[in-house]
Amino acid sequence: MVAVSTGLRKSLLCVVAAGVAWVLYTWQPGVSILYPPCVFKKLTGFDCPGCGSLRGLHALLHGRLYDVLQYNAMLLPALVMIAIYFSGNSRWWQLVNKPKWVLAAVLAFLVLRNLPLPGLMWLHSDH
Amino acid sequence: MSQDLGTIFINYRKSDANLQAGYLYSELKKYFHKDQLFKDFNTILPGTDFEKSINEALMKCDVLLVCMGKSWLNATNEKGERRLDDPNDFVRLEIATALQRDIPTVPVLFDDTSFPAPHELPVDLRGLNRRQYVEIETNRFEEDTKKLADAILTIFRQKGIHTAQPHDVLTAQQAGGQAGTRGPQQRSTPVAGNTQQARDLLGSVAAGTKPANNLVWAILATVLCCLPMGIVSIIYATKVDTLWNNGQHDEAIQAANKAKQWAIYSAAVGIIIAIIYGVYIAMMGNELMNSSY
């Protein structure tokens, strides 16, 4: 975006990511007023595909993997995909780089997690 | 448009490497626009002068690929004579004309075909021996074709040809002292809005590789920032691969750009909301402190 060298950009990204991780670890989303609410949810009452991701990250940093799934089912797969991208391993990236599937999954998640069906309640971000 | 871009002519013998030449053509479309590729370019009508017709066809040729399978060298006609020994054989005439006019020629050997020895070739084809050849194995077709595409791009660069329409002045700068693209004036519609982005994209186009579809940024934008804008970003990311494989390289680059832009807008919206929220909380905090007295 800005005209800085790639090395500097990467270091900045790492610093920012570390800072964010520290904040997420220390303060609990949903309890602490530090975190802004989801605008989509406030306006429509429905969960957006990202709802629960902050609470999920907090749970992940504290090692509670089961809770991660409960807050946002797509968070773990998304994190795996992002990790593969930044790892630079092009073979694995070739495997997961399927934009159409991602689009389908995001849209399906958006719909399914808002249906008031008992079998799908685990997809809602607050249950 | 094809005058500005490099052109690639595929020479092959139907009885020898028909399938491979066809497959090569479709693989090359991943790296080059279909207007740059010419297979079966020679439709010689009865009664026409062969040499003149071939000469005219090759006028636009920047690189000639000579496809050789196992039966290329000793293919025979109905009378049992070797086709290469017939001075009117089209395949021979095309190659000979290209060699004569110093058109870069790349022999492409399929599946363990060995390059013929000089004495096995007719005199006007012996120049082929001095050319660097590329081998393509069937079970490594894609990787080997990529090497061929790189070789072709190197030839283009040496000739001062760029594989894409120049999008802005950067192309001329990158070319350095070499001549810029041939043909009429450059189009001045910039694809990328800023220098670094343009350089990244030109880098990937000049290398003939597919641009990154920016999918990861689209996902992050959707999940962390602004849902609707994030989804728009993902949709653009979806289009990049399809467009590129279809040979629509310019459109693919634009789609990759759009995906990135929408991800950035989404992040901007997210940041603005966070700031507004922060201000709100600060004000609330103030009120709470004031009202407790």
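Use the structure listed above.
Residues numbered from 1 in each chain as written. Chains lettered and ligands numbered in written order. Predicted model: local features only at pLDDT ≥ 70, side-chain atom pairs only at ≥ 80, totals over all residues. Heavy atoms only, no water.

With that settled, consider the packing of helix α1 (residues 14-28) of chain B against helix α4 (residues 141-158) of chain B. Packed helices, taken two at a time, are described by the angle their axes make and the gap between the axes. Residue and element names in this part refer to chain B. Put simply, α1 and α4 touch, their axes get as near as 10 Å, and they point 65 degrees apart. Overall, the two elements α1 and α4 adopt an arrangement that is roughly perpendicular. For the element pair α1 and α4, the recorded crossing hand is right-handed. Here α1 contributes Gln20, Tyr23, Leu24, Glu27 and Leu28 to the contact with α4, which in turn contributes Phe141, Glu142, Thr145, Leu148 and Ile152. When the residues that make up the contact of α1 with α4 are grouped by side-chain class, the tally is six nonpolar, two polar and two charged. (Axes fitted to C-alpha atoms, helices over the stretch in contact; angles between N-to-C directions. Helix = DSSP H or I, 4+ residues; strand = E, 2+ residues; numbered from the N terminus. Parallel < 35°, antiparallel > 145°, perpendicular 65-115°, else oblique. Left-handed = near helix turned anticlockwise from the far one by under 90°. Contact = heavy atoms within 4.5 Å. Nonpolar A, V, L, I, M, F, W, Y, C, P; charged D, E, K, R; others polar.)

In this section: the packing of aromatic side chains. Under the definition given, this model contains ten aromatic pairs over all chains. Judged by centre distance (4.8 Å) and plane angle (20 degrees), the ring pair of B:Phe9 and B:Phe38 falls under stacked. Here B:Phe9, found in strand β1 (residues 8-11), pairs with B:Phe38, found in strand β2 (residues 37-39); they are 29 residues apart in sequence, far enough to count as distant. Given the relative accessible area of 25%, B:Phe38 is considered partly exposed. Both rings, one in B:Phe115 and one in B:Tyr133, keep their centres 5.4 Å apart while their planes meet at 15 degrees; by these two values the pair is stacked. Residue B:Phe115 is located in the loop between β4 (105-110) and β5 (134-136), and its partner B:Tyr133 is located in the loop between β4 and β5; the two are separated by 18 residues in the primary sequence. For B:Phe115, a relative accessible area of 17% gives the class buried. Members of the aromatic cluster, joined through ring pairs, are A:Tyr85, A:Phe86, A:Trp93 and B:Trp217. (Phe/Tyr/Trp six-rings, centres within 6.5 Å; stacked < 30°, edge-to-face > 60°. Buried < 20%, exposed > 50% of the residue type's maximum accessible area, 1.4 Å probe, protein only.)

Turning our attention to the interface of chain B and chain A. At the interface, 23 residues of chain B touch 26 residues of chain A. Summed over both partners, the interface of chain B with chain A buries about 2200 Å², with 81% contributed by carbon and sulfur atoms. Of all residues in chain B, the largest losses of buried area upon contact with chain A belong to B:Val216, B:Leu227 and B:Tyr277, amounting jointly to 23% of the total for that side. Counting the contacts that link chain B with chain A gives zero salt bridges. Residue assignment for the side of chain B that touches chain A shows that the elements contributing at least two residues are α7 (215-225), α8 (227-245) and α9 (249-291) of chain B. For the side of chain B that touches chain A, the class distribution of residues is 17 nonpolar, five polar and one charged. (Buried area = accessible area lost by both parts, 1.4 Å probe. Salt bridge = Lys/Arg side-chain N within 4 Å of Asp/Glu carboxyl O.)

Here B:Lys70 shows up in the loop between β3 (63-68) and α3 (90-100). Excluding residues within four positions of it along the chain, B:Lys70 makes contact with B:Asp16, B:Asp111, B:Asp112 and B:Thr113.

So, on to the environment of A:Leu95. Mapping A:Leu95 onto the fold places it in helix α6 (residues 90-96). Residues A:Leu95 and A:Ile84, spaced eleven residues apart in sequence, show a C-alpha to C-alpha distance of 9.9 Å.

All names here are of chain B. With 26 residues, the main nonpolar core has Leu24, Phe32, Leu65, Leu148 and Ile152 as its most contacted residues. Of all the elements in the fold, those that place two or more residues in this core are β1, α1, β3, β4, β5 and α4. A per-element tally of this core places α4 first, with seven residues. With residues up to four places along the chain from it excluded, the contact list for Leu148 reads Leu24, Leu65, Val106, Val108, Val134 and Ile136. (Core = buried A, V, L, I, M, F, W, Y, C linked by side-chain atoms within 4.5 Å.)

All names here are of chain B. Spatially, β2-β1-β3-β4-β5 is the arrangement adopted by the five strands of the open sheet, whose pairing is parallel. Because the sheet does not close on itself, it has two edges, and the strands there are β2 and β5. Each strand axis lies, on average, 25 degrees off the axis of its neighbour in the sheet, ignoring direction. Docked against the sheet, α3 engages β1, β3 and β4, running at close to 140 degrees with respect to β3. Strands in contact with α4 are β1, β3, β4 and β5; relative to β5, the strand with the most contacts, it is inclined by about 155 degrees. (Pairing = 2+ DSSP bridges.)

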